[in-house]
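Working through the structure, step by step
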Amino acid sequence: MVCDHQGIILDVAARWPGSTHDSFVFRESSIGRLAAASRGEWWLLRDSGYPLRPCLFTPVANPRDVHDEDLKEAHRVARCIVERTIGRWKLRFRCLHKSGGGAPVPAREVVRCDLCDSNVT
């Protein structure tokens, strides 16, 4: 999932099962290919589960000065927005959990329909 600084969902790759590693999904997704081809024009936040790429912004591990501290804090705040967006969106998918009986259609179809509704409501 890719969202902006306001929690608006910009892209979701729902083609792979949940057990698929995030870095693989990113690499194989349309947004991953577009970001890789952007030649540094795009900056997406990443965590330690992703490889180093020019388009992926990594938090500063060991800040050396005030500028590094500011970058680290900005990354932390932005990641909180991303994580909250993901959390809110996952709450909408309780119907997909087997304990709830499961969904009558494939999960990717529920994801696509809900994504359209998520940015509207």
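Residues numbered from 1 in each chain as written. Predicted model: local features only at pLDDT ≥ 70, side-chain atom pairs only at ≥ 80, totals over all residues. Heavy atoms only, no water.

Labelled according to an unreviewed UniProt entry, the protein appears under the name Nuclease HARBI1, originating from Merluccius polli. Listed in UniProt under the heading Sequence similarities (unreviewed entry), the comment for the protein reads: "Belongs to the HARBI1 family." Word for word, the UniProt comment on the protein under Cofactor (unreviewed entry) is "a divalent metal cation". (UniProt positions renumbered as here; feature names shortened; annotations may be inferred.)

Further remarks concern the packing of aromatic side chains. This structure, assessed with the given rule, holds two aromatic pairs. Between the aromatic rings of Trp16 and Phe24, the centroid separation amounts to 5.9 Å while the plane-to-plane angle is 80°, which identifies the pairing as edge-to-face. By relative accessible area, which is 30% here, Phe24 ends up partly exposed. Relative to Phe57, the ring of Trp43 lies with its centre 5.8 Å away and its plane at 75°, an arrangement referred to as edge-to-face. With Trp43 in the loop between α2 (30–37) and β3 (44–45) and Phe57 in strand β4 (residues 56–57), the pair connects residues that are 14 residues apart, well separated along the chain. With a relative accessible area of 57%, Trp43 lands in the exposed category. (Phe/Tyr/Trp six-rings, centres within 6.5 Å; stacked < 30°, edge-to-face > 60°. Buried < 20%, exposed > 50% of the residue type's maximum accessible area, 1.4 Å probe, protein only. Helix = DSSP H or I, 4+ residues; strand = E, 2+ residues; numbered from the N terminus.)

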